[in-house]
Amino acid sequence: MTTATRQEVLGLYRSIFRLARKWQAASGQMEDTIKEKQYILNEARTLFQKNKNLTDTDLIKQCIDECTARIEIGLHYQIPYPRPIHLPPMGLTSVRGRGLRSQEKLRKLSKPVYLKSHDEIS
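These lines cover the structure that appears in this document, whether it is placed above or below. (Residues numbered from 1 in each chain as written. Predicted model: local features only at pLDDT ≥ 70, side-chain atom pairs only at ≥ 80, totals over all residues. Heavy atoms only, no water.)

Here's the deal with the pattern of salt bridges
Right, so step 1: Applying the stated criterion across every chain yields a total of three salt bridges.
Right, so step 2: Here Glu43 ties to Arg70 by a salt bridge, and the two come within 2.9 Å at their closest N and O atoms. Here Glu43 is found in helix H2 (residues 30-50), whereas its partner Arg70 is found in helix H3 (residues 57-77), with 27 residues between them in sequence.
Right, so step 3: A salt bridge links Glu66 to Arg70; the shortest N-O distance between them is 3.9 Å. Linking Glu66 with Arg70, this pair stays in helix H3, spanning four residues, or about one helical turn. Grouping residues by exposure puts Glu66 and Arg70 together as buried.
Right, so step 4: The network of salt bridges with common partners includes Glu43, Glu66 and Arg70. (Salt bridge = Lys/Arg side-chain N within 4 Å of Asp/Glu carboxyl O. Helix = DSSP H or I, 4+ residues; strand = E, 2+ residues; numbered from the N terminus. Buried < 20%, exposed > 50% of the residue type's maximum accessible area, 1.4 Å probe, protein only.)

The structure is reproduced here in structure tokens:
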């Protein structure tokens, strides 16, 4: 990992912890705020620990993009949890290619960047 990439990753980590410290739940309830703050901290720790040994620059860049997208979406929608995607069953493949494997492949390709690691840790 280059020095610039390391600084970017550490900056994201710090910004997530600052965000968690200032987070207020949309409901205004104190217990919801505490739960959401705890979720943000646990999610950040888990994902950063999981990816701390990455050496491939493309994978590191993908993780940075995912982190940035999740921060922006969380701030915009005021929810710390990843937004689910809704795809109709068998809605991505053509009529002749309605096999299960092609459906799974297309679903994986169509997954938004902010959900790439969500299924792996959930």
